[in-house]
Amino acid sequence: MDAFKADGADPRPAQYVAVSISAFGFRAQADGHTGWAAWRRIRRSHPALAWAALAQVAVLTGLMAALTLAMWLR
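Residues numbered from 1 in each chain as written. Predicted model: local features only at pLDDT ≥ 70, side-chain atom pairs only at ≥ 80, totals over all residues. Heavy atoms only, no water.

A. Inspection of the overall build of the protein chain at higher detail. In terms of helices and strands, the protein chain carries two helices and three strands. Seen in sequence order, the protein chain has helices and strands lined up from the N terminus as β-β-β-α-α. The buried share of the protein chain, taken over its 74 residues, is 14%. Sequence separation of at least 24 residues holds for 27% of the intrachain contacts in the protein chain that already meet a minimum separation of 6. Looking at the protein chain as shown, the accessible area adds up to about 6,300 Å², and 63% of this sits on carbon and sulfur atoms. (Helix = DSSP H or I, 4+ residues; strand = E, 2+ residues; numbered from the N terminus. Buried < 20%, exposed > 50% of the residue type's maximum accessible area, 1.4 Å probe, protein only. Contact = heavy atoms within 4.5 Å. Areas by Shrake-Rupley, 256 points an atom, 1.4 Å probe, with all protein chains shown as cover.)

In structure tokens form, the structure reads like this:
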């Protein structure tokens, strides 16, 4: 789908979506919104990205829990 329409109508606005993942969690930003508003927009327009970010955070949390447990039991 082209951003410009042939009939001279206004082009679609640009869409900006960013998800930053770190050891402390993740930050979502979409179309000038942050936090839960951005997360809702990302889930609606990019469901695969939303699930991948959620899976990444779950894996990092599991690894941190396993590392903490291994160090505590040592």
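B. Quick look at a nonpolar patch on the surface. A cluster of nonpolar residues, Met64, Leu67 and Met71, forms a patch on the protein surface that exposes about 330 Å² of accessible area. Relative to the helices and strands, Met71 resides in helix α2 (residues 47-73). (Patch = residues over 30% accessible without salt bridge, like charges linked within 9 Å, V, L, I, M, F, W, Y side chains within 5 Å. Salt bridge = Lys/Arg side-chain N within 4 Å of Asp/Glu carboxyl O.)

C. Geometry of the nonpolar core. Residues Ala28, Ala30, Ala38, Trp39, Ile42, Ala50 and Ala53 constitute the largest nonpolar core, which totals seven residues. Mapped onto this core, the elements with two or more residues apiece are β2 (25-30), α1 (35-45) and α2. Looking at this core element by element, the count peaks at three residues for α1. The contact partners of Ala53, leaving out residues within four places of it in the chain, are Val19, Ile21 and Trp39. (Core = buried A, V, L, I, M, F, W, Y, C linked by side-chain atoms within 4.5 Å.)

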